[in-house]
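# A look at the structure
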Amino acid sequence: MLTIPQELVDKIVAHARADHPDEACGVIAGRDGVPERFIPMENAERSPTFYRFDSMEQFRVWREMDERDEEPVVIYHSHTATEAYPSRTDVAYASEPYAHYVLVSTRDEDKVEFRSYRIVDGEITEEEVRFVP
């Protein structure tokens, strides 16, 4: 189960809506599996159907997390025209076995579709999300 502060959820959703019609992406860093610090990242693809972290930005962010004794607790991105469910490409690129992979769909501007998954060895497991104040 992912337990996440509503403030971070709001930031993820705002980032997803701001980058629409392109996919948004980023990380929530934290310690001991607790999401704490919002890190929006650039979608190097600038695409409505695909995202990729810029390799230099990713290197910098991961190095900064190491220096701060943090880990990528949440890796998030948006889907602009489909449900918030991992695509085959998302599964292929999932390389952090302890991360929560959050997807937000921006296909409906009046509805928030926010879902979390564990992706390990190509297996997708949806998990409950608990929003806390």
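Rules and cut-offs
Residues numbered from 1 in each chain as written. Predicted model: local features only at pLDDT ≥ 70, side-chain atom pairs only at ≥ 80, totals over all residues. Heavy atoms only, no water. Helix = DSSP H or I, 4+ residues; strand = E, 2+ residues; numbered from the N terminus. Polar contact = N/O pair within 3.5 Å; in protein donor to acceptor, adjacent residues only side chain to side chain. Contact = heavy atoms within 4.5 Å. Pairing = 2+ DSSP bridges. Axes fitted to C-alpha atoms, helices over the stretch in contact; angles between N-to-C directions.

### Thoughts on the side chain of R37
- Mapping R37 onto the fold places it in strand β3 (residues 34-41).
- Looking at R37, its side chain comes within polar contact range of the side chain of E64, at 2.8 Å.
- If near-sequence neighbours (up to four positions away) are discounted, R37 is found in contact with V27, I28, A29, E64, M65, R68 and E70.

### Points about the sheet that holds strand β6 (residues 113-120)
- Pairing is mixed in the open sheet, where six strands are placed in the order β3-β2-β4-β5-β6-β7. The open sheet terminates on both sides in strands that have one partner only, identified here as β3 and β7 (123-127). Strand-to-strand twist in this sheet, taken as the mean axis angle between neighbours without regard to direction, amounts to 30°.
- For strand β5 (residues 100-105) and β6, the ladder comprises five bridges, and the chain directions are antiparallel. Note that in β6 the partner of L103 across the bridge is R115.
- Strand contacts of helix α1 (residues 6-19): β2 (25-31), β3, β4 (71-79), β5 and β6, with the helix running at about 15° to β3, the strand carrying the most contacts.
- In this fold helix α2 (residues 55-67) packs onto β2, β3 and β4, with an angle of close to 155° to the strand it touches most, β3.

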